[in-house]
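Summary of structural features
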Amino acid sequence: MAEENRTYSQALAEIEETLGLMEREALDVDDLSLKVRRVAELIGFCRQKLLQTEEAVEKVLKDIEA
């Protein structure tokens with residue numbers, strides 16, 4: 001899936017999947033650092049989505065009050 005088409009839910013699901021693998025110790029040591037980097041990227045993506053959503057909601061609420 002192209003990164004620009006990724007949704008918050010998809011990113012969160014991938015994070016949860018990776019965390020599950022880590023908890024079950026199902027990740028090879030060679031893959032661990034790659035997965036951790038990927039999770040960090042996904043967390044950044046999710047934070048950005050949340051900030052954008054918060055800004056959009058605040059704008060709508062301001063427009064309603066006006």
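Residues numbered from 1 in each chain as written. Predicted model: local features only at pLDDT ≥ 70, side-chain atom pairs only at ≥ 80, totals over all residues. Heavy atoms only, no water.

To continue, consider the overall build of the chain. From N to C terminus, the chain includes two helices and zero strands. A compact globule built from 66 residues should have a C-alpha radius of gyration of about 11 Å, whereas the chain, at 16 Å, is more than 25% larger. Principal axes of the C-alpha set define a box for the chain whose edges measure 55 × 25 × 15 Å. Summing over all exposed atoms, the chain offers an accessible surface of approximately 5400 Å²; the carbon and sulfur share of this is 55%. (Helix = DSSP H or I, 4+ residues; strand = E, 2+ residues; numbered from the N terminus. Rg over C-alpha atoms; globule rule 2.2 N^0.38 Å. Areas by Shrake-Rupley, 256 points an atom, 1.4 Å probe, with all protein chains shown as cover.)

What follows covers a nonpolar patch on the surface. Together, L19, M22, L32 and V36 line one region of the surface with nonpolar side chains, adding up to about 300 Å² of accessible area. At the level of elements, helix 1 (8-23) and helix 2 (29-65) are the ones that each hand at least two residues to the nonpolar patch. Secondary-structure assignment places L32 in helix 2. Classification of L32 by relative accessible area gives partly exposed; the value is 35%. (Patch = residues over 30% accessible without salt bridge, like charges linked within 9 Å, V, L, I, M, F, W, Y side chains within 5 Å. Salt bridge = Lys/Arg side-chain N within 4 Å of Asp/Glu carboxyl O. Buried < 20%, exposed > 50% of the residue type's maximum accessible area, 1.4 Å probe, protein only.)

Turning our eyes to something else, we now look at the nonpolar core. Counting five residues, the largest nonpolar core is built from A11, I15, V39, L42 and C46. Looking at this core, the elements that each hand over two or more residues are helix 1 and helix 2. Sort the elements by how many residues they give to this core and helix 2 lands first, with three residues. (Core = buried A, V, L, I, M, F, W, Y, C linked by side-chain atoms within 4.5 Å.)

For the rest of this paragraph, the subject is helix 1. Since the α-helix advances by 3.6 residues per turn, residues separated by three or four positions end up pointing in the same direction. Spanning 16 residues, helix 1 covers 22 Å between terminal C-alpha atoms, matching the ideal 22 Å at 1.5 Å per step. Among all positions in helix 1, only A11, E14, I15, T18, G20 and L21 are buried. Buried residues along helix 1 sit against helix 2. One or two steps after helix 1, the chain reaches E25, where phi turns positive at roughly 55°. (Expected span 1.5 Å × (residues − 1). Contact = heavy atoms within 4.5 Å.)

If you walk through the whole model with that rule in mind, you get four salt bridges. We note a salt bridge from R6 to E14, for which the minimum N-O separation is 3.3 Å. Take R6 and E14: they sit in the same class, and that class is buried. Two residues, D63 and K59, come together in a salt bridge whose shortest N-O distance is 3.1 Å. Of this pair, D63 and K59 both sit in helix 2, separated by four residues, roughly a single helical turn. Where salt bridges share partners, they join R6, E14, R38 and E41 into one cluster.

Geometric descriptors of this kind do not, in isolation, establish any biological role.
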